[in-house]
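An overview of the molecular structure
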Amino acid sequence: RKAVFFEYYFNDPNLKCVENCVKVSEEKCYPNYDTACGVLSFPPMDCWGPCVGGCYPTESTSNNYIALRHVKGSYPFEDSLYAVFQTGNQNNENIEFDNVDFVEYFETEFDPWMLVNRRSSLSDAKKQILDRKLMYWFKCSGNFCP
């Protein structure tokens, strides 16, 4: 296999709060319970329980994507990541990636932290190949998938 398909969908704002927190006892901390900890360690350190202030969402409806990660040796897209994003809430209706908000292409051999979106450097022909390949993977099922 020269490429791997993966997808991710928003499903909840996943609020995290960091103010007015209750300190929890060691036995109610990680790894015994799912808690918020400054450091996941054993014995647990700096763990807290319910908080009621300073809340912020860690997810957004714009964070839905499908992507292809090509491995080294998969000419012509060697060691790259190609992803398309579309705003929506999968809980309300299917996201078909037919109204894409933005696209990313990273050459991960030269940019391992994926900081420079190189999509604009791709030829139109390569963009079309990547779009078709990505949608093929997205729509395939069972034995019909690459």
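Since this is a predicted model, take the numbers as computed values, not measurements.

Rules and cut-offs
Residues numbered from 1 in each chain as written. Predicted model: local features only at pLDDT ≥ 70, side-chain atom pairs only at ≥ 80, totals over all residues. Heavy atoms only, no water. Pairing = 2+ DSSP bridges. Helix = DSSP H or I, 4+ residues; strand = E, 2+ residues; numbered from the N terminus. Axes fitted to C-alpha atoms, helices over the stretch in contact; angles between N-to-C directions. Contact = heavy atoms within 4.5 Å. Disulfide = S-S within 2.5 Å. Buried < 20%, exposed > 50% of the residue type's maximum accessible area, 1.4 Å probe, protein only.

1. Description of the sheet that holds strand β7 (residues 80-85)
Strands sit in the order β1-β6-β7-β8 across an open sheet of four strands; the sheet is antiparallel. The open sheet has two edge strands with one neighbour each: β1 (3-8) and β8 (102-107). Looking at each pair of strands side by side, their axes are set apart by 15 degrees on average, direction ignored. Where β1 and strand β6 (residues 65-70) come together, six bridges link them in antiparallel fashion. Counterpart to E7 in the pairing with β6 is I66. Helix α1 (residues 124-139) rests against β1, β6, β7 and β8 of the sheet, and its axis sits at about 110 degrees to β6.

2. Considerations on the state of the cysteines
Under the defined criterion, the tally for this structure stands at one disulfide. At a sulfur-sulfur separation of 2.1 Å, the disulfide partner of C140 is C145. Across the S-S bond of C140 and C145 the torsion is about 105 degrees, and the bridge reads as right-handed.

3. Thoughts on the pairing of β6
Remark: a regular strand shows side chains that alternate across the two faces of the sheet. In this structure, β6 lies alongside β7, joined through six bridges in antiparallel fashion. Bridge pairing in β7 links I66 to V84.

4. Some thoughts on the pairing of β7
Here β7 lies mainly inside the structure; six of its six residues are buried. Here β7 shows a buried face lined by S80, Y82 and V84 and a second buried face lined by L81, A83 and F85. Judged from the six bridges that link them, β7 and β8 form a sheet pairing that is antiparallel. Residue pairing across strands places V84 opposite V103, the latter belonging to β8.

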